[in-house]
Amino acid sequence: MGVAEPSLLLLIPAYNEERRIEPVLRRYAEYFARHYTGPFQIVVVLNGCRDNTRAVVERVAQEHPCIRWLEFPEPIGKGGALIEGLKLAAQAEAIGYVDADGATPPEAFHALVRRLPEADCVIGSRWLPGAVLHIPQSSPRRFASRVFHAIVQLLFRMNIRDTQCGAKVMRREAVEKIHASLTIADMAFDINLLYCLKRAGFRILEVPTEWTDQIGSKVRLFRTSLTMLLSVIRIRLIYSPFYRWLRPLRPLEAWLYKKLRAPVPLPGPDPSAIQPAATRQPTKHDPAPTSPGRDRTI
């Protein structure tokens, strides 16, 4: 008999996904029921849905008791939905998330979970050698993605090739340590998450994944890109000596986000509470060096 895998909580943020979410939930529930040896649950975070998404989730949940949901009547953004979902971290040893469109198949997410003994956070990457892209992004989205990556690398020096892949899994203790510092409610949430993990001294392992670009994307390229740029600048400023002097400008910040039809970030942490990154002591779970160019441990 194999060793039981850790209890796992999978978050799926959903905004008006009635047409796409049912097969995704069925695939994940059926796959993990057959192939996962530890306790497993799915929590769909309903993010101000105006369609029939909740009814679809309820119907599938009747057949698969591992599925639950949280509902927020007003849109709170993908990042906002994940911030709320991550409050449930105490319910499992590992907590992760994937997109509601099924771009990451359950087998690929399970592969990330299997690597968790090697790090505190394991993230899928579409840009490392070995990644399998069944349907790649369109040329404009690839270009925007690479420009955004260059800006993120310039500002944060995290050396992560694909911060935006919607498949990540973390240890409970890592989530609980950084949760209070998560403030970005839009699609730049991943930068907020990864930078907080790095500053707190947690190990991030980036591995090639399997991914399929899905039709029906809700991303509006120009507006979403501008919002994400605003958010990454905000994150950089929070961890700068100037942040305490910029807090009076928060009403202007809120106005900018509303003009972009984007969720307003949560208030940033108290500048006096921001500490430099801690250095964690190696544990028995820390990995041996990985092969260059394939997996990356940050």
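Residues numbered from 1 in each chain as written. Predicted model: local features only at pLDDT ≥ 70, side-chain atom pairs only at ≥ 80, totals over all residues. Heavy atoms only, no water.

1. Considering the packing of helix 1 (residues 21–35) against helix 2 (residues 53–63)
The following threshold applies: Axes, fitted as lines to C-alpha atoms, cover a helix only where it is in contact. Angles between the N-to-C directions of the axes lie from 0 to 180 degrees. A run of H or I in DSSP becomes a helix once it reaches four residues, and a run of E becomes a strand once it reaches two; helices and strands are each numbered from the N terminus. Every angle not falling under 35 degrees, over 145, or within 65 to 115 is termed oblique; those three ranges are roughly parallel, roughly antiparallel and roughly perpendicular. Each helix crossing is assigned a hand: it is left-handed if the near helix lies turned anticlockwise from the far helix by less than a right angle, otherwise right-handed if that turn is clockwise. Any two residues whose heavy atoms approach within 4.5 Å at even a single point are treated as in contact. Only Asp, Glu, Lys and Arg are considered charged in this grouping, and only Ala, Val, Leu, Ile, Met, Phe, Trp, Tyr, Cys and Pro are considered nonpolar; every other residue, Gly among them, is considered polar.
With their axes 10 Å apart at the nearest point, helix 1 and helix 2 run at an angle of 25° to one another. Considering their axes alone, helix 1 and helix 2 lie roughly parallel with respect to each other. Considering how the two elements wind past one another, helix 1 and helix 2 form a crossing that is right-handed. Contacts from I21, E22, L25 and R26 in helix 1 reach T53, V56, V57, R59, V60 and E63 in helix 2. Counted by class, the contact of helix 1 with helix 2 contains five nonpolar, one polar and four charged residues.

2. Considering a nonpolar patch on the surface
The condition that has to hold: Every patch collects residues that have over 30% relative accessible area and no salt bridge, joining them within 9 Å if they carry like charges and within 5 Å if they are nonpolar side chains (Val, Leu, Ile, Met, Phe, Trp, Tyr). Throughout, the Shrake-Rupley method with a 1.4 Å probe supplies accessible areas, and for residues the shown protein chains are the sole cover considered. Salt bridge, as applied in this entry: a Lys or Arg side-chain nitrogen positioned within 4 Å of an Asp or Glu carboxyl oxygen. We call a residue buried when its accessible area falls under 20% of the maximum for its residue type, exposed when it is over 50%, and partly exposed in between, using a 1.4 Å probe and counting protein chains only.
On the surface, a cluster of nonpolar side chains totalling about 1,200 Å² of accessible area is made up of F222, L226, L229, I233, L237, F242, W245, L246, L249, L252, W255 and L256. Put simply, the parts of the chain that give the nonpolar patch at least two residues each are helix 8 (221–238), helix 9 (243–246) and helix 10 (250–259). With five residues, helix 8 is the largest single contributor of residues to the nonpolar patch. Considering the arrangement of structural elements, one finds I233 in helix 8. Residue classification places I233 among the partly exposed positions, given a relative accessible area of 40%.

3. Some points on the packing of aromatic side chains
Which entries qualify depends on this criterion: Only Phe, Tyr and Trp rings are paired, with Trp represented by its six-membered ring, and only when their centres lie within 6.5 Å; those with planes under 30 degrees apart are stacked, over 60 edge-to-face, the remainder tilted. We call a charge positioned above a ring when the Lys NZ or Arg CZ atom is no farther than 6 Å from the ring centre and deviates by at most 35 degrees from the ring normal.
Counting across every chain of the model gives 10 aromatic pairs. A ring pair is formed by Y31 and F32, whose centres lie 5.2 Å apart and whose planes are at 80°; its orientation type is edge-to-face. Here the aromatic cluster, defined as three or more aromatic residues joined through ring pairs, consists of Y28, Y31, F32, Y36, F40 and F109. For R126, the ring lying beneath its charged end belongs to W211, and the centroid distance is 4.7 Å. When the ring centre of W127 is taken as origin, the NZ or CZ atom of R146, which lies over that ring, is 4.3 Å away.

4. Re the confidence of the model for the chain
Put simply, the test is: On a scale of 0 to 100, pLDDT captures the predictor's confidence in every residue.
Mean pLDDT over the chain stands at 89; residues scoring 70 or higher make up 87%. Here residues 276–293 scores under 50 on pLDDT; set against residues more than four positions off or in separate chains, the count is 28 contacts.

5. Looking at the environment of T209
Considering the arrangement of structural elements, one finds T209 in the loop between strand 8 (204–208) and strand 9 (210–212). Residue class for T209 comes out buried when judged on its relative accessible area of 6%. On a C-alpha basis, the gap between T209 and G124 in space is 5.1 Å, while along the polypeptide they are 85 residues apart. Apart from residues lying up to four places away in sequence, T209 is in contact with A108, G124, S125, R126, A131, V132 and C165.

6. Structural notes on the nonpolar core
Counted only if it meets this: What is meant by a nonpolar core is a set of buried Ala, Val, Leu, Ile, Met, Phe, Trp, Tyr and Cys residues, joined one to another through side-chain atoms within 4.5 Å.
Formed by 43 residues in total, the largest nonpolar core has its most connected members in L11 and L197. If you tally residues by element for this core, the top one is helix 7 (residues 189–199), at seven residues. Once you skip the residues sitting within four places of it in the chain, L197 turns out to touch C121, M170, A174, I178, F202 and I204. I12, F40, V60 and W211 belong to the second largest nonpolar core, which has 39 residues in total.

7. So, the pattern of salt bridges
All chains considered together, the criterion is met by 17 salt bridges. The partner of R171 in a salt bridge is D120, and the shortest N-O contact between them spans 3.4 Å. In this pair, R171 sits in strand 7 (residues 167–171) while D120 sits in the loop between helix 4 (106–114) and strand 5 (121–125), placing the two residues 51 residues apart along the sequence. Residue class for D120 comes out buried when judged on its relative accessible area of 3%. Linked by salt bridges that have partners in common, E22, R26, R59 and E63 make up one network.

8. Observations concerning the environment of R50
Spelled out, the test is: Whenever a nitrogen or oxygen atom comes within 3.5 Å of another N or O atom, the pair is scored as a polar contact, on the condition that within protein one atom can donate a hydrogen and the other can accept it, and that pairs from neighbouring residues in sequence are kept only if both atoms are in side chains.
As for its placement among the helices and strands, R50 is situated in the loop between strand 2 (40–47) and helix 2. Among the residues examined, R50 registers a relative accessible area of 53% and is labelled exposed. Sequence spacing of R50 and N16 is 34 residues, and the spatial spacing of their C-alpha atoms is 6.2 Å. When near neighbours in sequence (up to four residues on either side) are disregarded, R50 contacts N16, P73, E74 and P75. At 3.1 Å, the side chain of R50 forms a polar contact with the side chain of E74.

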